[in-house]
Amino acid sequence: QRRVHGEMNRFSDKSEDVLCVVLVFLPFSERRKCAEVCRQWASVVSDPFQHLLEEFAISIHGHLCRLSLLTPLRLRVLRVLRVDACDEFDDNILRALPSTIETLNLDEVPITDGGLCTFASRCERLRQLQLALVNIHGSGLVAISSKHCSSLELLDLWECYAVEKDCLVTSLSLLTNLRSLHLVDVCIDDSILFTIGNTCSNLQHLRLEPCESVTDDGLCKLSRKVRQLVELWLCTSEFASNHGIKTLLQANCNLNQISLEAFTSLTDDLLFSLPLSCPKVTLLNLNRCGGAITDRGMQYVQKHCPLLKRIFSYGTGVTPELEEDGFFEGGPEAEIAVA
């Protein structure tokens, strides 16, 4: 107080970027004490993310304090944020994120539906949302879908076991502009496929795993409006047969990657129709589809699909001799990487 106006604290003459780098190393309890120093410090501490970085894309793994080691700029124009296994990233941090976020990838962080609802109301234009191992029930997902129904193009849910089916159906029914949808280890049945088929006409990338309750009826309804797929990844079904898969493939002639792993009711008849339905296919995964897939069907596909480069046939009736010719990739070690 004794200093004249022209001799203010040296920090006031420095950029807030430097101040943010210093304060971010402190725990939140200590930052609150720093807010009492002056108005400038209080402004920074009250909304640390708003003053922290100005990167277009940021990835955080582990402790939140590592965020300060990236670039000491502001966060107000942040577009992409990825957070992996960070216990400090909770609803309070989620609510403080800037409204410019377009891609949000949260993996194993302690957020709830309440935090997602607040984030949805503040975010201006969310394009991509990826959630993995988060304990949400679905109301936050519905809030995001309602606010960003026309802008959200990608939705990934991985191992979000607590998500309720009704909330997921409601959310999908709002996403009319969705381009990519990955649902892994969430509840998937015909009602999910009905909703996707009625709403997501622009869908190009689809992965559903597992599909234990999916039937031919659901696959036929899915093909009602979904006719622009280029990648299809379905896994584990005892009830879906050639009929449902054929209907879906015929509706999407531009498919180039097809994975039907553990669809145990499929036969060679599906492979005989594949060259006509999907002439552009480059990858075909039939691992664990059972003995009804034989050498005859595989050889037919190999001959009549000129763009086909890789076939996975472990756990089918294809003989080891055919797998060893370099065209097929069999064996338990064969893995499929989702593009």
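Use the structure listed above.
From a predicted model like this one, the values you see are computed outputs, not experimental measurements.

1. Details of the overall build of the protein chain
Regarding its fold elements, the protein chain presents 15 helices and 12 strands. Among the 339 residues that make up the protein chain, the fraction classed as buried is 48%. Of the roughly 15,700 Å² of accessible surface on the protein chain, a fraction of 51% belongs to carbon and sulfur atoms.

2. Structural notes on the pattern of salt bridges
Taken as a whole and assessed by the stated rule, the structure comprises seven salt bridges. The residue Arg79 makes a salt bridge to Glu102 at a minimum N-O spacing of 3.9 Å. Of this pair, Arg79 sits in the loop between β1 (57–61) and β2 (80–84) while Glu102 is found in the loop between α6 (91–96) and β3 (103–107), placing the two residues 23 residues apart along the sequence. Of the charged contacts, one joins Lys246 and Asp269 as a salt bridge, the two residues approaching to 2.6 Å between their closest N and O atoms. Here Asp269 lies in helix α13 (residues 268–277) and Lys246 lies in helix α12 (residues 242–251), a separation of 23 residues in the sequence.

3. Description of helix α8 (residues 139–147)
Within α8, burial applies to Gly140, Leu141, Val142, Ile144 and Ser145. Residues of α8 that are buried in the fold lie against α7 (113–122), β4 (128–132), β5 (154–158) and α9 (165–174).

Basis of the calculations
Residues numbered from 1 in each chain as written. Predicted model: local features only at pLDDT ≥ 70, side-chain atom pairs only at ≥ 80, totals over all residues. Heavy atoms only, no water. Helix = DSSP H or I, 4+ residues; strand = E, 2+ residues; numbered from the N terminus. Buried < 20%, exposed > 50% of the residue type's maximum accessible area, 1.4 Å probe, protein only. Areas by Shrake-Rupley, 256 points an atom, 1.4 Å probe, with all protein chains shown as cover. Salt bridge = Lys/Arg side-chain N within 4 Å of Asp/Glu carboxyl O. Contact = heavy atoms within 4.5 Å.

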